[in-house]
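Okay, here's what each chain looks like letter by letter:
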Amino acid sequence: MIEIFGVPLMALYSQLMLGLVNGSFYALLSLGLAVIFGMLNIINFAHGALYMIGAFCAWMLLSKFNIGYFEALLITPLILGLIGVIIERLLLKWLYQVDHLYGLLLTFGLALIFEGYFRSQFGVSGETYDIPEILDGPVNLGFMVIPKYRLWVIFLSLIVCVLTWFMVEKTRLGSYLRAATENPKLTQAFGINVPLMVMLTYGFGVALAGFAGVMAAPIYQVSPLMGSHLIIVVFAVVVIGGMGSISGAIISGLGLGIIEGLTKVFYPPLSSTVVFIIMAIVLIFRPAGLFGREK
Amino acid sequence: MTKYKKSTLKSIVVASLLALGVQQSAQAQISDNVVKIGVLTDMSGPYSDFSGKGSITATQMAITDFENKYHPKFKIEMVTADHQDKADITSNKAREWFDREHVDMITDLVSSIAGLSAMKVAKEKNKIVIITGAGSSKITNEGCNDVTVHYVYDTYATGQGTAKAVVKQGGKTWFFLTADYVFGHSLENDATKAIKAAGGQVLGSVSHPFPSRDLSSYLLKAQASGAQIVGLANAGDDTINSIKQAAEFGITPKQHLAALLIFISDVHSVGLKQTQGMYLTTGFYWDRTPESRAFSKRYFEKMHKMPSMNQAGVYSAVMHYLEAVQSTGSDDTKTVMTQMKKTPINDFYAQNGHIREDGRMVYDMYLAQVKKPSESKYPWDYYNILATIPASEAFQPLSESTCPLVKK
């Protein structure tokens, strides 16, 4: 059997696949953060809490209304998007003129309120969401037996990531968005409704968090703290990719998931810090991140 | 002896007797006529489901029941705070309570680090702590002191109890998934000793960071080891996610899981489908006796959940403390500690219980198995109690203790 540093090649492949699954979640979440930061200049600290609400939303749809997983994949992002729009209209819009720090503090406060509310309602242990029947069970890939659901996560998140990238970078709507970020006043002078675009962008970013929440519900326990466990790593991913860079968020999300997976094979205690070590190194040599532009 | 000397001697004796009398009457009093109990707990963190608000409710129930039963001449008050599982917050709060708020006893203390910090402050201030939530066996070994009681469980009791039972049922080969901090390693070590002593074998272990969201990589290692039993030396969310992901990867039911510390709130949260058949050691199960049911139903009316062993244990601990205060008529630390250690504990919670010189409250523990969904007839009907582990076997024997208070 071929071995690399004492680890059989087959085992290494399996860990790579698992890293890719985690990377898919990093990519989806950091994508939402990147879109929001890129367009609104808001560091959305509530992203983890909104991802958690997405997971709870799926759980509630199933347990209270008997609405299944696939419907939840469509309905939850819509509900979360609406929540995002309300947050933007009521709170965030007052902060665009002031320092980034205010947006960060506001969204951090929101995250604490959301988490506190769900904790008081559901307790920290949370709820269980079963894997939908059609995706339940394992698939034999030759080198490993992987649950079908995990493959589905990789597949679906890649599609969503590519679609988002395409929409922002390659369509007319995307070019309006980018223009509105670069120079809102000039863009508005061309007759484009910039406040509306900003509102929808935030709604879209939040919807992405909700979407990731639904995808996570069958794998992880649906619990009020699930977002706060993840958000710090996701921020590190965004910083490594370059704040506001869509492709940077996707590539670094997947890449770091894989690196983290490999760390779990070779030296597990380092796996929770490896992302931050990479972040420190990247910041030393490329302060704007791997794919970010210096302003 | 001259007359002068005789009278001096007399005065000294009289003065000493008087002083002793004053001291005794001071001891037989309750400072400010108030007994103040502090519940320092995890209100919002990973352990809040089996402690937190539930522990506060249990303490309040104990106080009310005590007042109704004994109509004490002193007043009982309760203060509460969140220690956030942090050492500095715990010590600061404990110091503030003892110094400024005249708290006589602090209880709950969920994480090991919180428990160890509070007991240090208590020793410094000569006040009592009764730790119920924290599990590290260090509390009654190298960290022990004479003002601390460790009431509910420790890693030795739950780790050994479950490991022995599983090996006896034929689970000879083990692989551990261990949370990478004091508690996890302590759980693994205690269980390993029991496995080896019972003729089992440990094939390997992997430490995972705490907390870990995704444990699948580690579970694959456990799968590859071919061990019959995957021992979960972790707690809370980590245990829940391990169980869930083991089922997802088809590790269970081919290999079996043994959770070395699991509370009923965890089983409730994951559900019987994925936890069925698991062995566990517990000090309390709500549905075991008429007395435990009666208490739990009263608790349920207030909390809409059944009590965990920790929450029921807090009630028992507070009651035991207040009864010691009542019978000695004093809230002096030494007097109350001596009385608590002298009095056996037999209530709805603990059978054949007593507090040893190292501070460990030893009592009968129970080996339980999680029911199949088809066996569960009503809400919270989760465990089959398989065996009673007698108090003398359930906890670390004093002969193995490293506590300096133990005379060998």
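As a reminder, the structure under discussion sits directly above these lines.
Everything in this summary refers to the structure shown in the same document.

The rules behind the values
- Note that residues are indexed from 1 along each chain, following the sequence as it is written.
- Just so you know, chain letters begin at A and ligand numbers begin at 1, following the order they were written in.
- Whole-chain, interface and lining totals are the exception, using all residues; otherwise, since this is a predicted model, local features are given only for residues with pLDDT of at least 70 and side-chain atom pairs are given and counted only at 80 or more.
- Excluded from the side-chain calculations are hydrogens and water; all other atoms, namely the structure's heavy atoms, are used.
- A helix here means a DSSP run of H or I that spans at least four residues, while a strand means a run of E at least two residues long, and both kinds are numbered starting from the N terminus.
- What the globule rule says is 2.2 Å times the number of residues to the power 0.38, and the radius of gyration is computed from C-alpha atoms.
- Residues are treated as being in contact if the distance between any of their heavy atoms lies within 4.5 Å.
- Shrake-Rupley sampling with a 1.4 Å probe provides the accessible areas, and residues are treated as covered by the protein chains on show and by no other component.
- Think of it this way: Lys and Arg go in the positive column, Asp and Glu in the negative one, and His and the chain ends go nowhere.
- Charge positions are represented by NZ for Lys, CZ for Arg, CG for Asp and CD for Glu.
- For Phe, Tyr and Trp, rings pair up if their centres lie within 6.5 Å, where Trp contributes its six-membered ring, and each pair is then called stacked (planes under 30 degrees apart), edge-to-face (over 60) or tilted (otherwise).
- For a Lys NZ or an Arg CZ to count as sitting over a ring, it must be within 6 Å of the ring centre and within 35 degrees of the ring normal.
- In this description, buried area is defined as the sum, over both parts, of the accessible area (probe of 1.4 Å) that is lost when the two are combined.
- Salt bridge, as used here, is a side-chain nitrogen of Lys or Arg placed within 4 Å of a carboxyl oxygen of Asp or Glu.
- Under the rule applied, a polar contact is a pair of N or O atoms within 3.5 Å (in protein, one hydrogen donor and one hydrogen acceptor; residues adjacent in sequence only if both atoms are side-chain atoms).
- Think of it in three bands: with a 1.4 Å probe and only protein chains considered, a residue is buried below 20% of the maximum accessible area for its type, exposed above 50%, and partly exposed in between.
- Structural elements are reduced to axes, namely lines fitted to C-alpha atoms, with helices fitted over the stretch in contact, and the angle between N-to-C directions of any two is expressed from 0 to 180 degrees.
- Less than a right angle of anticlockwise turn of the near helix away from the far helix marks a crossing as left-handed, whereas a clockwise turn marks it as right-handed.
- Classes in brief: Ala, Val, Leu, Ile, Met, Phe, Trp, Tyr, Cys and Pro nonpolar; Asp, Glu, Lys and Arg charged; the others, Gly included, polar.
- For two strands to be treated as a pair, DSSP must find no fewer than two bridges joining them.

Right, let's talk about the overall build of chain A for a bit. Along its length, chain A carries 11 helices and four strands. In terms of overall size, chain A behaves like a compact globule, its C-alpha atoms giving a radius of gyration of 19 Å where 295 residues would be expected to give roughly 19 Å. Along the first, second and third principal axes, the C-alpha set of chain A runs to 65 × 50 × 35 Å. Here the contacts in chain A between residues at least 6 apart in sequence split such that 76% fall between residues at least 24 apart. A total of about 13200 Å² of accessible surface is found on chain A, and carbon and sulfur atoms cover 70% of it. In chain A, which carries 14 positive and 13 negative side-chain charges, the distance between the mean positions of the two groups comes to 11 Å.

This part is about the packing of aromatic side chains. Two aromatic rings, taken as a pair, are described by how far apart their centres are and by the angle between their planes. This structure, assessed with the given rule, holds 34 aromatic pairs over all chains. Among the aromatic side chains, those forming a connected cluster through ring pairs are Tyr-151, Phe-284, Phe-295, Tyr-299, Tyr-315, Phe-348, Tyr-349, Tyr-363 and Phe-395 of chain B. Its end group placed over the ring of Trp-94 of chain A, Lys-93 of chain A keeps NZ or CZ at 4.8 Å from the ring centre.

To continue, consider the interface of chain A and chain B. Each partner contributes residues to the interface: chain A has 35 residues there, and chain B has 30 residues. Here chain A and chain B share an interface that buries about 2600 Å² over both sides, 48% of which is from carbon and sulfur atoms. Counting the contacts that link chain A with chain B gives three salt bridges. With its nearest N and O atoms 2.8 Å apart, the salt bridge here joins Arg-150 of chain A to Glu-248 of chain B. Linking chain A with chain B are 22 residue pairs in polar contact (both at pLDDT 80 or more), by the criterion used here.

Residue and element names in this part refer to chain B. Cis geometry is found at the peptide bond from Phe-210 to Pro-211, where omega equals -5°. For Pro-211, the location among the structural elements is in the loop between strand 7 (201-208) and helix 7 (216-225). Backbone geometry at Gln-84 places phi at a positive 50°, although glycine is not the residue there. Here Gln-84 shows up in the loop between strand 2 (75-82) and helix 3 (87-99). You can call Gln-84 partly exposed: its relative accessible area is 37%. Positive phi, close to 65°, is recorded for Trp-380, a residue that is not glycine. Mapped onto the secondary structure, Trp-380 falls in the loop between strand 13 (365-370) and strand 14 (383-389).

For the rest of this paragraph, the subject is the packing of helix 1 (residues 9-40) of chain A against helix 10 (residues 246-266) of chain A. Helix packing for two helices is described by the angle between their axes and how far apart those axes are. Residues and elements named next belong to chain A. Between helix 1 and helix 10, whose axes approach to 6 Å, the crossing angle comes to 145°. The two elements helix 1 and helix 10 meet at a crossing, and its hand is right-handed. For the contact of helix 1 with helix 10, a count of residues per class yields 16 nonpolar, nine polar and two charged.

This part is about the sheet that holds strand 2 of chain B. All names here are of chain B. Pairing is parallel across the open sheet formed by five strands, whose spatial order is 2-1-3-4-5. Pairing within the sheet leaves two strands with one partner each, and these edge strands are strand 2 and strand 5 (148-150). On average, each strand axis in the sheet is tilted by 20° relative to the strand beside it, whichever way the strands run. Relative to strand 4 (residues 128-131), strand 3 (residues 105-108) runs parallel, the two being bridged by four bridges. Bridged to Met-105 within strand 4 is Ile-128.

A word on the environment of Gln-396 of chain B. Residues and elements named next belong to chain B. As for its position among the elements, Gln-396 is in the segment after helix 14 (391-394). Looking at Gln-396, the relative accessible area reads 12%, which means it is buried. Taking the C-alpha atoms as reference points, Gln-396 and Val-362, separated by 34 residues in sequence, lie 9.3 Å from one another. Those residues in contact with Gln-396 that sit more than four places away from it in its chain are Asn-141, Tyr-156, Arg-356 and Ser-401.

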